[in-house]
Amino acid sequence: MLRNFPQKALSRRYASTNSLSGRKVALESAWVSRANGITKNYVDGQWVEHRGEWIEVRDPSTQEIVTRAPHTTRSELDATVAAARRAFPTWRETSILHRQSVMISFQRLIKEHWDDLASCIVLEQGKTFADAKGDVLRGLQVVESSIAAPSSLMGDKLEVSKDMDTYIRKEPLGVGAAICPFNFPAMIPLWSIPMALITGNTLIIKPSERDPGAVGMLLELAEKAGVPKGVLSSVNGGVDVVNYICDSPEINAITFVGGNAAGKHIYDRGGATGKRVQANLGAKNHAILMPDANPNFALNSIAGAAFGAAGQRCMALSVLLTVGSSSEYLPELQKRAEALKVGNGFDEGVDLGPVISPQAKQKIENLIASCEKEGGKILLDGRGVKVEGYPDGNWVGPTILECKPGMKCYEEEIFGPVLCVVKCETMDEAIEIINKNKYGNGAAIFTQSGATARRFEKNCHSGQLGVNVPIPVPLPMFSWSGNKASVLGQTSLYGKLGVEFWTQNKTITSLWRSEDALTSKADVAMPTHR
């Protein structure tokens, strides 16, 4: 369990050192899940020892090893699933009010250790400290919303005939698994943990092998919050672990967030064994810039949405569609992009950190180069960025490409700090481009005209739309609603659709005839005409 390390002292240690070793030691001294430079699996309420092969987790700004995570073996996976299956009958019968109280405690503990979680994310994933805190916050909001489960789990009931009732119970599925991406090490696990557990399921988390630390820390907090052993587990590894999850007959449901190829593989392979599967895949999010937009607000919003988190968000702004004279704002957008500081996420004043790996950096740079080869223009080139003190970091600076649909840089998800610009004559042309794109996570428009915004809302087919909001991710009282090639499963990780995913309806019809009722007590009420 979490050691008794004073929170304020730990925060000071993060603030007082810029060295990798200093941050690493501070985390290891406070968290059992990270002790001795190892991120362990959590199974049946225990941090288990592993004697097989290991995965090296590297700081993307230095390439230094931060921790090692186990390549979980088949026997270890068998033990994890068995523990989750054993815990399920008791957990499903645990009262909703008790499960709610556990989530309330979990929420409190996350808030208390917010800085610790954010520091781990910066160390392993590379995003800035402020962005890492936002990562935790957007997950915490789902924990908070799950506390309303006593209302959201209420079933329907109707007297369908005399003395005959039909009613619906929402029952848990069983053992679930959440396969998580590298880009949101806390948020995505926190979109699954509370929704699965509050509805009575047990859950196995597979964090990304590139940044597993935050999941370990969250599970420590969950244990302290009162989650019983076996109800929540973690396993680390790569493709073999994913395939095991897909194939195991003891796992009933899978949630996945990540790339297209992996998502389709998981959806098909998991679905073939009868599992309920939801997969959130790639994206190419567009924004329309109208001539009447507030230029200062719009350009700041566009730059932040395109280049924040080094573009490694599934809702990052990938394509800017300028309409008519709004293309005149491009030089100013370029200036704002050039002013953004690239560097280590712990360093003061840094706006975006490294991309996750050297391989990701190479892919991004290849897609940038393809723009020019296919007849486009590189308006701002982020290749070759140098960061003082970090010569080995996976650095890519803000990049702006002028291109057209059909070009490789437009069609493919770049997943880096790269904004593609497509010039359009009319808003209708811009909307048509959005609707023809295979992805459907999100789209936005910047305008000061209500009529223009209304036309955009009605005619744009993407699932999540923003009006003067560049990253329109719905809060947890709603549900994620990306569409087209961005999702498989047509459900959501949170909100009402999240509850629907993690439960199955059981319909009961009962008959209790009133004439069969027995009465043995005297009626002492005053007689009245009836």
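Fair warning: this is a prediction, and the values are worked out from it, not measured in the lab.

Chemist: Teacher, can you tell me more about the overall build of the chain here?
Modeler: Along the chain, the regular secondary structure elements total 18 helices and 22 strands. With respect to the principal axes defined by its C-alpha atoms, the chain has extents near 90 × 60 × 45 Å. When the 530 residues of the chain are sorted by exposure, 56% land in the buried category. Long-range pairs, those at least 24 residues apart, make up 73% of the contacts in the chain with a sequence separation of at least 6.

Chemist: Mind showing me how you'd approach the sheet that holds strand β16 (residues 418-424) here?
Modeler: Sheets are built from strands that pair by backbone hydrogen bonding, the pairs being arranged parallel or antiparallel. Spatial ordering of the open sheet is given by β14-β15-β16-β13-β12-β18-β19, a layout of seven strands whose pairing is mixed. Of all the strands in the sheet, the pair left with one neighbour each is β14 (377-380) and β19 (464-467). Pairwise comparison of adjacent strand axes, ignoring direction, gives a mean angle of 25° for this sheet. Examined bridge by bridge, strand β12 (residues 285-289) and strand β18 (residues 442-446) share four bridges and lie parallel to one another. In the sheet register, His286 faces β18, and the bridge partner there is Ala443. Along the sheet, helix α16 (residues 427-436) contacts β12, β13 (317-323), β16 and β18; its crossing angle with β12, the most-contacted strand, is approximately 180°.

Chemist: Just to check I follow, could you spell out helix α14 (residues 358-373) for this structure?
Modeler: Note: α-helices contain 3.6 residues per turn, so residues at a spacing of three or four share the same orientation. Across its 16 residues, α14 extends 23 Å between first and last C-alpha, which sits within 8% of the 22 Å expected from 1.5 Å per residue. Burial in α14 covers these residues: Ile364, Glu365, Leu367, Ile368, Ser370 and Cys371. Summarising the contacts, the buried residues of α14 are in contact with β14, β15 (399-402), α15 (408-411) and β16. The first or second residue beyond α14 is Gly375, which carries a positive phi of 100°.

Chemist: What is the right way to look at the pattern of salt bridges in this model?
Modeler: Going through the model one piece at a time under the given rule, you end up with 26 salt bridges. Across the pair Glu93 and Arg92 runs a salt bridge, and its minimum N-O distance is 3.8 Å. For Arg108, the salt bridge goes to Glu112, with nearest N and O atoms at 3.1 Å. Note that Arg108 and Glu112 are positioned in helix α4 (residues 96-112) at a spacing of four residues, about one turn of the helix. Overlapping salt bridges, with partners in common, bring together Lys162, Asp163, Arg513, Glu515 and Asp516 in one network.

Chemist: Just to check I follow, could you spell out the packing of α4 against helix α9 (residues 213-225) for this structure?
Modeler: Working note: a packed helix pair is described by the angle between its axes plus the distance between those axes. α9 packs onto α4 with a crossing angle of 135° between their chain directions and a minimal axis gap of 8 Å. It follows that α4 is oblique to α9 by the angle criterion. In this structure, α4 crosses over α9, and the sense of that crossing is right-handed. Counted together, Val102, Ser105, Phe106, Leu109 and Ile110 of α4 and Leu218, Leu221, Ala222, Lys224 and Ala225 of α9 form the full contact between these two elements. Grouping the constituent residues of the contact of α4 with α9 by class yields eight nonpolar, one polar and one charged.

Chemist: So what exactly am I meant to see when it comes to the environment of Ala443 here?
Modeler: Tracing the sequence through the fold places Ala443 in strand β18. Residue Ala443 is classed as buried on the basis of its relative accessible area, which comes to 2%. For the pair formed by Ala443 and Ile65, sequence separation is 378 residues and the distance between their alpha carbons is 38 Å.

Chemist: Quick question: what am I supposed to make of the nonpolar core here?
Modeler: Soluble globular proteins tend to pack their nonpolar side chains together in the buried interior. If you look at the biggest cluster of nonpolar residues, it comprises 68 residues, and the most contacted ones within it are Phe106, Ile110, Leu197, Leu203 and Leu232. When sequence neighbours within four positions are dropped, the list of residues in contact with Ile110 reads Leu117, Val136, Leu140, Val143, Leu190, Leu218 and Leu221. Grouped together as the second largest cluster of nonpolar side chains are 37 residues, Ile288, Ala310, Ile368 and Ile434 included.

Reading guide: rules and limits
- Residues numbered from 1 in each chain as written.
- Predicted model: local features only at pLDDT ≥ 70, side-chain atom pairs only at ≥ 80, totals over all residues.
- Heavy atoms only, no water.
- Helix = DSSP H or I, 4+ residues; strand = E, 2+ residues; numbered from the N terminus.
- Buried < 20%, exposed > 50% of the residue type's maximum accessible area, 1.4 Å probe, protein only.
- Contact = heavy atoms within 4.5 Å.
- Pairing = 2+ DSSP bridges.
- Axes fitted to C-alpha atoms, helices over the stretch in contact; angles between N-to-C directions.
- Expected span 1.5 Å × (residues − 1).
- Salt bridge = Lys/Arg side-chain N within 4 Å of Asp/Glu carboxyl O.
- Parallel < 35°, antiparallel > 145°, perpendicular 65-115°, else oblique.
- Left-handed = near helix turned anticlockwise from the far one by under 90°.
- Nonpolar A, V, L, I, M, F, W, Y, C, P; charged D, E, K, R; others polar.
- Core = buried A, V, L, I, M, F, W, Y, C linked by side-chain atoms within 4.5 Å.

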